[in-house]
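# Structural overview for review
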Amino acid sequence: MDDLAVTFVDRGRVQADRNFVVDGHSVATASDRDPEHEYETYVVWNLVVEMPEMTVLWDTGSHPEAGDGYWPTPLYEAFAHVDAAEHTLPADLEDAGYSIGDIDAVVMSHLHLDHAGGLHNFAGTDVPIYVHRNELPFAYYSANTDDGSIAYLASDFDRDLNWEIVHGDSYHLTDGIELLHLPGHTPGLMGAFIDRPNQPLLVVGDEAYVEANYAGQSMATSLLWNNGAWKESLERCRDRQRATGAEVLLGHDLAVFEDVSGTMD
């Protein structure tokens, strides 16, 4: 579509052991019982997709108080969003040339705390918040019981929000944006196929944190709701890329983000 534009919004840096991101990256063996661990830097990002009929925000990033006790200590110890306080959603949107008031719709890839932390900016408004049917109940279940995943915070999404529920494996949000159900990381993870004028963009998101995941190396078990579903979703993404020649945007790979967005850290 000639009148569709994608703007990449840098939302800061998360630091974590690569073993969380690539399963078994550094493990002890009989001959090497004390292997070196790689503590790496990853990116958090959002997208603004602008068309004549609507402006869409993809995800909302981390809550700015993530490092000040808003995130549970065990989660922050594992995945430290070290500059969250410097990356409020309104300020980052302003740097990209937009405001909260410019956003006509929000698409939530999923409701983990590094993606849903900015939803409070839309509480009490009529801005539709698109989420997959399988994600919302799992998020509430996880946030309010001892089961499920610890990466959901009720305070992120248990608000007066105008939820719009996405059903099925594929949903055309509007001309040029197809939402793709990619279960595995979470039950309701969504990616997107965005029909940019020069080259389509395949938003894989947290289906693959980094390039090694996209090549088939699983994330750590703690990051997967269902490993079998993750493998099926990965093949679906790679099939779509092969068929369309789309550029691929991964979940947290800093080098890939810089390459796709045309920015440098």
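Residues numbered from 1 in each chain as written. Predicted model: local features only at pLDDT ≥ 70, side-chain atom pairs only at ≥ 80, totals over all residues. Heavy atoms only, no water.

Looking now at the UniProt feature "domain: Metallo-beta-lactamase" (unreviewed entry) in the chain. Those residues carrying the UniProt feature "domain: Metallo-beta-lactamase" (unreviewed entry) are residues 43-252 in this numbering. As a span, residues 43-252 carries 23% helix and 24% strand, and end to end its C-alpha atoms are 5 Å apart. (UniProt positions renumbered as here; feature names shortened; annotations may be inferred. Helix = DSSP H or I, 4+ residues; strand = E, 2+ residues; numbered from the N terminus.)

A few words on the packing of aromatic side chains. Within this structure, the stated rule accounts for 8 aromatic pairs. Ring geometry for Phe-138 against Tyr-141: centres 6.2 Å apart, planes inclined by 40°, an arrangement best described as tilted. Highlighted residues: Phe-138 and Tyr-141, both in helix 4 (residues 135-144), separated by 3 residues, approximately one helical turn. Overall, Phe-138 belongs to the buried group, its relative accessible area being 16%. Classification of Tyr-141 as partly exposed rests on a relative accessible area of 39%. Centre to centre, the rings of Phe-138 and Tyr-152 are 5.8 Å apart; their planes meet at 80°, and the pair counts as edge-to-face. Remark: Tyr-152 occurs in the loop between helix 4 and helix 5 (154-157) and Phe-138 occurs in helix 4; sequence separation between them is 14 residues. Classification of Tyr-152 by relative accessible area gives buried; the value is 4%. Cluster of aromatic residues (ring-pair linked, three or more members): Phe-138, Tyr-140, Tyr-141, Tyr-152 and Phe-157. Residue placement shows Arg-240 over the ring face of Phe-193; its charged tip is 5.0 Å from the ring centre. (Phe/Tyr/Trp six-rings, centres within 6.5 Å; stacked < 30°, edge-to-face > 60°. Buried < 20%, exposed > 50% of the residue type's maximum accessible area, 1.4 Å probe, protein only. Lys NZ or Arg CZ within 6 Å of the ring centre and 35° of its normal.)

For helix 7 (residues 227-244), with 18 residues, the first-to-last C-alpha span of 26 Å sits near the 26 Å given by 1.5 Å per residue. Taken together, the buried positions of helix 7 are occupied by Ala-229, Trp-230, Ser-233, Leu-234, Cys-237 and Arg-238. Taken together, the buried residues of helix 7 touch strand 11 (201-205) and helix 6 (211-214). The N-cap of helix 7, judged by a side-chain oxygen 3.0 Å from the amide nitrogen of Gly-228 a few residues on, is Asn-226. (Expected span 1.5 Å × (residues − 1). Contact = heavy atoms within 4.5 Å. Polar contact = N/O pair within 3.5 Å; in protein donor to acceptor, adjacent residues only side chain to side chain.)

The strands making up a sheet associate through hydrogen bonds between their backbones, and the pairing can be parallel or antiparallel. Read from one edge to the other, the open sheet built from 7 strands follows the order 4-1-2-3-5-6-7, with strand pairing classed as mixed. Two strands bound the open sheet, and with one partner strand each, they are strand 4 (80-81) and strand 7 (162-166). Note that strand 3 (residues 55-58) and strand 5 (residues 105-107) share 3 bridges and pair parallel. Considered in strand 5, the bridge of Val-56 is made with Ala-105. Docked against the sheet, helix 4 engages strand 6 (128-132) and strand 7, running at close to 85° with respect to strand 6. With respect to the sheet, helix 8 (residues 254-261) is in contact with strand 1 (5-17) and strand 2 (39-50), its orientation differing from that of strand 1 by roughly 165°. (Pairing = 2+ DSSP bridges. Axes fitted to C-alpha atoms, helices over the stretch in contact; angles between N-to-C directions.)

Another point: the sheet that holds strand 9 (residues 177-181). Strand order across the open sheet formed by 5 strands is 8-9-10-11-12, with mixed pairing between neighbours. Strand pairing shows two members of the sheet lacking a second neighbour, strand 8 (170-174) and strand 12 (247-250), which therefore form its edges. Direction aside, the axes of adjacent strands within the sheet are offset by 20° on average. In the sheet, strand 8 pairs with strand 9 via 4 bridges, with the strands oriented antiparallel. Its bridge partner being in strand 9, Tyr-171 is matched across the sheet by Leu-179. Running over the sheet, helix 8 touches strand 11 and strand 12 and is turned about 140° from strand 12.

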